[in-house]
Each structure stands twice: as C-alpha cells, then as structure tokens.
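Examination of the molecular architecture
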Amino acid sequence: MQGPAVFIDAEIDDQAQELRKFFKKLGAEISEEKSSKGIEDDLHKIIGVCDVCFKDNSHTPDEIDAVLNSVVSIIVSIPLERGENLILSFCDKMTKAKEPSLARVCLQSLWRLFSNLEVTSPLRYHVYYHLVQVAKQVNQVKEVFTGVEQLKAQFAQCPPSNEQMQKLYRLLHDVLKDTNSELASKVMIELLGTYTAENASYAREDAMKCIVTALADPNTFLLDPLLSLKPVRFLEGELIHDLLSVFVSEKLPSYLQFYKNHKEFVNSQGLNHEQNIKKMRLLSFMQLAESNPEMTFQQLQDELQIKEEEVEPFIIEVLKTKLVRARMDQRARKVHISSTMHRTFGRPQWQQLRDLLLSWKTNLTLVQDNINSVAVAQAELAQRQ
C-alpha cells in the first residue's frame, strides 16, 4: 500500500471547479459553477456524485485514481470539526465500486485519506472501517490488517470507543474467517475481551462465534483460555460450552459420544465432523503424551480408534505441528515422547514447572560447586609448584 500522495499543486477552489466539470461531463447532476456557499458545499456536491466515475468506461483506473486523489486533497484541507459528514460520505461512496480494478483504486484513495488525517483525529476510525470493507472486496485485507497489536498501535493517539472497537473486531472476524482462521480466532478473542462482567451477558452471539471459530481452526489447539473469558462463562450449561469443554480436556470417545447425542447441533454450527475427529485425535495424543513418555502403536490404535496402517502417518502429522517432540521407533512399534504442549495449564502444570525450575536450580548449584572445587584445587596446585 502506497503512503501519502503528493496532491495536485493548484488552488482548492480551482480543483473543485475542475472536478465539477469532470463529473458533469460524465453525466452527473451537478453544476459546473462553484458554489456561492464556499468550498465545503462544493465538496459536498462533488462527493455526492463522485461514484458516477465507477460507471464510466472512457477513463482508465489511473485517471480515476488521479480524480479521487484530488477529492482527497480537498477533504484533508477542511477543518476537522466541519469535515466529519464529508469524510463519512466519501468513505461510503468508495464502497460502491463493483469492478475490481476500480475497487483497488478506491482502496488506495481511502488509504491516502487515512494516512493524511492527523493521528489524533477520531475520523481515522471511520476511514479504516471502510478500508477493511473495500479490502475484502479485492482480497487485500492483509495489506491493511496484520494483527491486533498493529491495529492498536495505529489508533494509540486517539483510541476508538469500546463500542467502535467491537464493531471493527466483528468486521475483521467476518472478513478473515474464510481465509485466515487463526487470525480470525485472535480477533474474536480480543473482541470478547472488550466485555466486562456487567455486559458480558450481551455478548452471547460473539462468544458462540469465538468458540466455533477456534474449534474449526486446524491450527488452534490451546483452547483452555477461552473458558476464562467472561462472555464464554455465561454460556455454561449450554451445548456450545459443553462442546468446548470436550475439546479443552476430554479425549476422542467423549467427542464421539457428544456427536452421537447432538449431531444436529454440531452440524448447525458449521463444524465439520471429520475435521473435529482429526483435531480430537491430535488433542488426545497430546494428553496421552503428558503422562506416557513411551507408547506402543497398539495403544495408539486403541486410544485414537485408528487402523494399524494409519498409526505412522498420524504420528508424522503430529510431529509436523511441533506441539509434540517425539521419536518413532518403527522396529519396536513404539513412540518415545520428549516433550508436549499441555492442553490445559492450571495448578498441576504450574507445580510441574516449579519442580522443573527447582531441579534446574539444584543442578546449576552443583555445577557451580564443582567449578569452584576445581578452581580451588588448581590454585592449591599452583602454590605448591
């Protein structure tokens, strides 16, 4: 995405009149004469008809880009307190282009506007919201959104309201869910984090979307943190919460039983049963690996309900995720576990980590003592010589 443009070197009034003439020639209902009410009224009229250029085939996208560039140059010259309606109207017009090449021009125009507004301007939020909408049309979302931290940094000087961020997070989730499910999950978790204990009960739909997105994402395996989100807690006792709990801490048989009892519910959420089984097998393997440093192929067949010829390919798939470090002994038909990511991280895991750190500390103390002993011995030897 290009940075701020160098705008047309001409008087604003002259630019406005040229724009009036341009749109008039395209058939827009606008006078060629400048408004007696001033530049803001000129701009109001120009923006009102600027989308006529999206229906014109006589000009190239580059020419349309230059025209919109001129419109933006006038917009940013208007004082902030009088420019809100003009900016909102322009942003709305930029979402009207149907032709992909022109939609990309609109995306560029919105980016210019966003980049040229003061970082303290609350209007940047509105421009960015429309930027995301247009970016979705031309599959360019990654050009305007790379992550939550980047998003927060962009608005650090003038943070949007909580309600505005919720609206933006919902839009981002919608545009990302089909192309980047992992990032969509992070956005939805961030959305749920904007609710407080007082209003968490109103986040039911968002909470359900968050759970479904996380379960469907083939790269999301640590699901335990979702249970601590206030809006998710309000779903306790409902099927969607029960299903999440299965993915958090249960094994494959529990999911299969849940699906048998609530098949229609699972399918109604847009979740793929076969993909769920695949994910539950991997999660079950991780849980087994926590307490079994060594497992036989037969044990995996029984626990994961897979055929003998499927064991080795499954282990290879597990290793590709890098969630488990292990070595496969094909001859002995065993798998040796080096380490695994815990599915949940509660008090037992903290205790295990504490014990491990204490063990390291003790070993390091022994090493230091040995080094000191060697140093003393060498010093004594040197004195004797």
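All values derive from a computational prediction rather than experimental measurement.

1. Some thoughts on the overall build of the chain
Scanning the chain from N- to C-terminus turns up 19 helices and three strands. Computed over its C-alpha atoms, the radius of gyration of the chain comes to 30 Å, more than 25% above the 21 Å expected for a compact globule of 385 residues. Every one of the 385 residues in the chain was classed for burial, and the buried ones make up 42%. Sequence separation of at least 24 residues holds for 64% of the intrachain contacts in the chain that already meet a minimum separation of 6. Only carbon and sulfur atoms are counted for the fraction: they give 49% of the accessible area of the chain, which is about 21,300 Å². Considering the chain, the positive charge centre built from 45 side chains and the negative charge centre built from 52 side chains are found 4 Å apart.

2. Considering the sheet that holds strand 2 (residues 324–329)
The strand order across the open sheet formed by three strands is 1-3-2, and the pairing between neighbours is antiparallel. Strand pairing shows two members of the sheet lacking a second neighbour, strand 1 (294–296) and strand 2, which therefore form its edges. The sheet shows a mean angle of 25° between the axes of neighbouring strands, taken without regard to direction. Here strand 1 pairs with strand 3 (residues 334–340) via three bridges, running antiparallel. Bridged to Glu294 within strand 3 is His336. The strands that helix 17 (residues 297–304) touches are strand 1, strand 2 and strand 3; relative to strand 1, the one it contacts most, it runs at about 75°. Relative to the sheet, helix 18 (residues 311–321) contacts strand 2 and strand 3, its axis offset from that of strand 2 by approximately 150°.

3. Here we look at the pattern of salt bridges
In the structure shown here, the tally under the stated rule is 15 salt bridges. One salt bridge in this structure joins Arg20 and Asp42, with 2.8 Å as the shortest N-O distance. Here Asp42 lies in helix 2 (residues 39–49) and Arg20 lies in helix 1 (residues 12–25), a separation of 22 residues in the sequence. Relative accessible area serves as the criterion here: at 4%, Arg20 is assigned to the buried category. Under the relative-accessibility criterion, Asp42 is labelled buried at 2%. With a shortest N-O distance of 3.3 Å, Asp174 and Lys177 are connected by a salt bridge. For Asp174, a relative accessible area of 31% puts it in the partly exposed group. A relative accessible area of 40% places Lys177 in the partly exposed class. In this structure, a network of salt bridges that share partners links the residues Lys136, Asp174 and Lys177.

4. As for the UniProt feature "domain: PCI" (unreviewed entry) in the chain
With numbering aligned to this structure, UniProt lists the feature "domain: PCI" (unreviewed entry) at residues 180–342. A distance of 24 Å separates the end C-alpha atoms of residues 180–342, which is 58% helix and 10% strand.

5. Here we look at the nonpolar core
Within the largest apolar cluster, 117 residues are counted, with the highest numbers of intra-cluster contacts made by Phe23, Phe90, Phe145 and Leu168. Taken domain by domain, the makeup of this core includes at least three residues from each of domain 1 (163–271) and domain 2 (277–361). Setting aside anything within four residues of it in sequence, one finds Leu168 in contact with Tyr125, Tyr128, Tyr129, Val132, Leu151 and Phe155.

6. Some remarks on the domain arrangement of the chain
One frequent convention defines the size of an interface as the accessible area lost when the parts assemble. Splitting the chain by domain gives domain 1 (163–271) and domain 2 (277–361). The C-alpha-based centres of domain 1 and domain 2 are spaced at 25 Å. In this complex, domain 1 contributes 17 residues to the contact, which on the side of domain 2 involves 18 residues. The largest contributions to the domain 1 side of the interface with domain 2 come from Phe221, Lys251 and Leu252, which together make up 46% of the buried area. Counting the contacts that link domain 1 with domain 2 gives zero salt bridges. Contributions of two or more residues to the side of domain 1 that touches domain 2 are made by helix 11 (204–216), helix 13 (239–249) and helix 14 (252–261). Partitioned by chemical class, the residues of the side of domain 1 that touches domain 2 number 11 nonpolar, two polar and four charged.

7. Comments concerning the pairing of strand 3
Across six bridges, the pairing between strand 2 and strand 3 is antiparallel. Paired with Arg325 across the strands is Ser339, a residue of strand 3. Turn length for the strand 2-strand 3 hairpin, with the two strands adjacent in sequence and antiparallel, is four residues, and the turn residue Arg333 shows positive phi of about 55°.

8. A few points about the packing of helix 17 against helix 18
Direction vectors running N to C along helix 17 and helix 18 enclose 85°, while the axes themselves pass 10 Å from each other. Here helix 17 lies roughly perpendicular to helix 18, going by the angle between them. Residues Phe297, Leu300, Gln301 and Leu304 of helix 17 form the contact with helix 18, whose own contacting residues are Val311, Glu312, Phe314 and Ile315. Here the residues of the contact of helix 17 with helix 18 sort into six nonpolar, one polar and one charged.

9. A word on a negative patch on the surface
Among the surface-exposed residues, Glu11, Asp13, Asp14 and Glu18 lie close enough to one another that they form a single negatively charged patch. Residue placement: Asp13 occurs in helix 1. Classification of Asp13 as partly exposed rests on a relative accessible area of 38%.

10. A closer look at the confidence of the model for the chain
Per-chain confidence: the chain averages 88 in pLDDT, with 91% of residues scoring 70 or above. Note that residues 3–7 has pLDDT below 50 and, in this model, 12 contacts with residues that lie over four places away or in other chains.

11. Observations concerning unusual backbone geometry
As a rule of thumb, non-glycine residues mostly have phi less than zero, and peptide bonds are mostly trans rather than cis. Even without a glycine there, the phi angle at Gln305 is positive, about 55°. Residue classification places Gln305 among the partly exposed residues on the basis of a relative accessible area of 42%. Phi at Arg333 takes a positive value of approximately 55°, unusual for a residue other than glycine. Mapped onto the elements, Arg333 comes out in the loop between strand 2 and strand 3. Taking relative accessible area as the criterion, Arg333 reaches 31% and is therefore assigned partly exposed.

Criteria and cut-off values
- Residues numbered from 1 in each chain as written.
- Predicted model: local features only at pLDDT ≥ 70, side-chain atom pairs only at ≥ 80, totals over all residues.
- Heavy atoms only, no water.
- Helix = DSSP H or I, 4+ residues; strand = E, 2+ residues; numbered from the N terminus.
- Rg over C-alpha atoms; globule rule 2.2 N^0.38 Å.
- Buried < 20%, exposed > 50% of the residue type's maximum accessible area, 1.4 Å probe, protein only.
- Contact = heavy atoms within 4.5 Å.
- Areas by Shrake-Rupley, 256 points an atom, 1.4 Å probe, with all protein chains shown as cover.
- Lys, Arg positive; Asp, Glu negative; His and termini not counted.
- Charge placed at Lys NZ, Arg CZ, Asp CG, Glu CD.
- Pairing = 2+ DSSP bridges.
- Axes fitted to C-alpha atoms, helices over the stretch in contact; angles between N-to-C directions.
- Salt bridge = Lys/Arg side-chain N within 4 Å of Asp/Glu carboxyl O.
- UniProt positions renumbered as here; feature names shortened; annotations may be inferred.
- Core = buried A, V, L, I, M, F, W, Y, C linked by side-chain atoms within 4.5 Å.
- Domains from an automatic or database assignment.
- Buried area = accessible area lost by both parts, 1.4 Å probe.
- Nonpolar A, V, L, I, M, F, W, Y, C, P; charged D, E, K, R; others polar.
- Parallel < 35°, antiparallel > 145°, perpendicular 65-115°, else oblique.
- Patch = residues over 30% accessible without salt bridge, like charges linked within 9 Å, V, L, I, M, F, W, Y side chains within 5 Å.
- pLDDT = per-residue confidence, 0-100.

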